[in-house]
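Coordinates in review
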Amino acid sequence: MAFSATGSALMALKSEGRITTPDNKICNFLQPFRLIQLQPRNYSSLQCRSNSKNSFSSVVKAQAITVEQAAAQVTSKTEAPVVIVTGASRGIGKAISLALGKAGCKVLVNYARSSKEAEEVCKEIEACGGQALSFGGDVSKEADVEAMIKTAVDAWGTVDVLINNAGITRDGLLMRMTTKQWQEVIDLNLTGVYLCTQAAAKIMMKKKKGKIINIASVVGLVGNFGQANYSAAKAGVIGLTKTVAKEYASRNINVNAVAPGFIASDMTAKLGDDIEKKILGQVPLGRYGQPEEVAGVVEFLAINPAANYITGQVLTIDGGMVM
C-alpha cells in the first residue's frame, strides 16, 4: 500500500546519502375512463361530487403511502450489502469502512491488534445510522479467517463484498533481509488475501453474486527500493486478482484490485519539508493522495451498479506516478 511505499522511499533516499529523516434516494393507478354526458348540475350535486373527489384523493394518498413504505422495506432488505474489510481500524481500511458504512452497508471491521480504533470505526458507522461490528483476527491464519466469515454470516446471513486491505511492511535491502522479514510480509499480504478470497467466494458462489476488491500497490507494478518482500507480495496480489477474476466470472463474482501510490498517513505527517519535496517530486499531481480518495474508488467497485462490468482490473490511484 501507499503507506509503506512512503517508508521505503525514505529508505531509498537515505541510502543514497541525500537526506536525513526526522524522528518517523408513482404509483400508477390504472382506472377505466367513462364518457359522461354533461348535464346541468345543482350546487348540492356539485358538493356531493366534491366530497367524492376528496374521498378518492384520500384513498390515493393512503395507497401511495403504503407503496412507499413497502418500497422502503424492500430497499432496506435488498440494498444493504454485507461487507468485510480487513485491516480496517485505521488508514485506508478505516476510510473504506466508513465510506461503505455511510453508504448503507453492514460492515465487519477486521483488525489484528488495534481493538480500540476498530471499535471507534464501528461507532462512527453506527452514528450515521449504519450497522457494524468488529472482529479481531490474523487473516494469515486459516482458522481466524473462517471465524471471521462465520461471524459475518451469523450476524447478517451472508457476505456480499470482501475488501482485502490488511498488510504490513518489513522493509530492508534484499542483501540484509531475513527469512522472517520475507515470510511475515508474504504470509499476511499475499497468503491472507488468498485465504479470505477463498473463504468468502464459497458464499458468493452459492448465490452467484459478489464483489472482491484487493488493495495492492503501485509497488507491485514497478517495484521499490528496499521492499523486495512487499513488492513481491503486491505483485502476487495483482496476479491473484486477475486469475480469480477469470475463475469466478461465470459465477457473477467481480474481482478487481486498487493500487494506491503515496497516500497521506501518520507517517507522512511527520516528514520534514525537504523529504516531502523529494517524495512529491515523483508525483505529477504534486501531492499525497487521501485515504478517502482510495475509499471512493473502492466504494464504486463494491456497490455501484456501473461497476458490474468491470473485473480483473488494476486501478491505480497514484497522482500519475505510473503511466
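The structure this text deals with has already been given above.
Everything in this summary refers to the structure shown in the same document. Here the structure is a predicted model, which means the values were calculated and not measured.

What counts as what
Residues numbered from 1 in each chain as written. Predicted model: local features only at pLDDT ≥ 70, side-chain atom pairs only at ≥ 80, totals over all residues. Heavy atoms only, no water. Buried < 20%, exposed > 50% of the residue type's maximum accessible area, 1.4 Å probe, protein only. Helix = DSSP H or I, 4+ residues; strand = E, 2+ residues; numbered from the N terminus. Right-handed = clockwise from strand over helix to strand, strands pointing away. Patch = residues over 30% accessible without salt bridge, like charges linked within 9 Å, V, L, I, M, F, W, Y side chains within 5 Å. Areas by Shrake-Rupley, 256 points an atom, 1.4 Å probe, with all protein chains shown as cover. Salt bridge = Lys/Arg side-chain N within 4 Å of Asp/Glu carboxyl O. Lys, Arg positive; Asp, Glu negative; His and termini not counted. Charge placed at Lys NZ, Arg CZ, Asp CG, Glu CD. Core = buried A, V, L, I, M, F, W, Y, C linked by side-chain atoms within 4.5 Å. Contact = heavy atoms within 4.5 Å. Expected span 1.5 Å × (residues − 1). Arc of directions from axis to C-beta. Polar contact = N/O pair within 3.5 Å; in protein donor to acceptor, adjacent residues only side chain to side chain. Pairing = 2+ DSSP bridges.

Take the pairing of strand β4 (residues 161–164) next. In β4, alternate side chains face the same way, and those of Val 161 and Ile 163 on one face and Leu 162 and Asn 164 on the other are all buried. In the classification by handedness, the crossover that spans β4, the intervening helix α6 (residues 179–207) and the parallel strand β5 (residues 210–215) is right-handed.

It is worth spelling out a negative patch on the surface at this point. The grouping of Glu 117, Glu 119, Glu 120 and Glu 126 at the surface amounts to a negative patch. Here Glu 117 lies in helix α4 (residues 115–127).

Turning to the nonpolar core, a few remarks are in order. Residues Ile 84, Leu 108, Ile 149 and Val 159 are the most contacted members of the largest nonpolar core, which totals 34 residues. Every element with two or more residues in this core is listed here: β1 (82–85), β3 (131–136), α5 (142–156), α6, α8 (228–248) and β6 (253–260). In terms of residue count, the dominant contributor to this core is α6 (ten residues). Beyond its immediate stretch of four places on either side in the chain, Val 159 contacts Val 82, Ile 84, Ile 149, Ala 152, Val 153, Ala 200, Ile 203, Met 204 and Lys 207. Of all hydrophobic cores here, the second largest spans 31 residues; its members include Val 85, Val 107, Tyr 111 and Ile 263.

The terminal C-alpha atoms of α4 lie 18 Å apart, and with 13 residues this matches the ideal 18 Å at 1.5 Å per residue to within 8%. Taken together, the buried positions of α4 are occupied by Ala 118, Val 121, Cys 122 and Ile 125. Along the axis of α4, the buried positions cluster into a sector of 100 degrees, meaning they face one direction only. For α4, exposure combined with an orientation more than 90 degrees from the buried face picks out Lys 116 and Ala 127. Gly 129 sits one or two positions beyond α4 and adopts a positive phi of about 90 degrees.

The subject of this paragraph is the side chain of Asp 318. Assignment of secondary structure puts Asp 318 in the segment after β7 (314–317). Although Asp 318 lies buried, it forms no salt bridge, and the closest oppositely charged side chain, Arg 287, sits 10 Å away as judged by the N-O distance. Side-chain polar atoms of Asp 318 contact the backbone nitrogen of Gly 320, separated by 3.0 Å. Of the polar contacts made by the side chain of Asp 318, one reaches the backbone nitrogen of Val 322; its length is 2.8 Å. Those residues in contact with Asp 318, other than ones at most four positions away along the chain, are Val 218, Gly 261 and Val 283.

To continue, consider the pairing of β3. The pairing of strand β2 (residues 106–111) with β3 spans six bridges and is parallel. Across the sheet, Val 109 pairs through a bridge with Ser 134, a residue of β3. As for the winding sense of the linkage, the β-α-β connection from β2 through α4 to β3 is right-handed.

On to the environment of Gly 261. Along the chain, Gly 261 falls in the loop between β6 and α9 (273–280). Among the residues examined, Gly 261 registers a relative accessible area of 1% and is labelled buried. C-alpha of Gly 261 to C-alpha of Met 321: the two residues are 60 residues apart in sequence and 7.3 Å apart in space.

Inspection of every chain in the model, using the stated rule, returns five salt bridges. Lys 102 is the partner of Glu 124 in a salt bridge, and the nearest nitrogen-oxygen pair spans 3.8 Å. With a gap of 22 residues between them, Glu 124 in helix α4 and Lys 102 in helix α3 (residues 91–102) connect regions that are remote in the sequence. For Glu 124, a relative accessible area of 32% gives the class partly exposed. Salt-bridge contacts for Lys 150 lead to Asp 154; the nearest nitrogen and oxygen are separated by 2.7 Å. Of this pair, Lys 150 and Asp 154 both sit in helix α5, four residues apart, which is roughly one turn of the helix.

Purely spatial values, then, with no claim about function.
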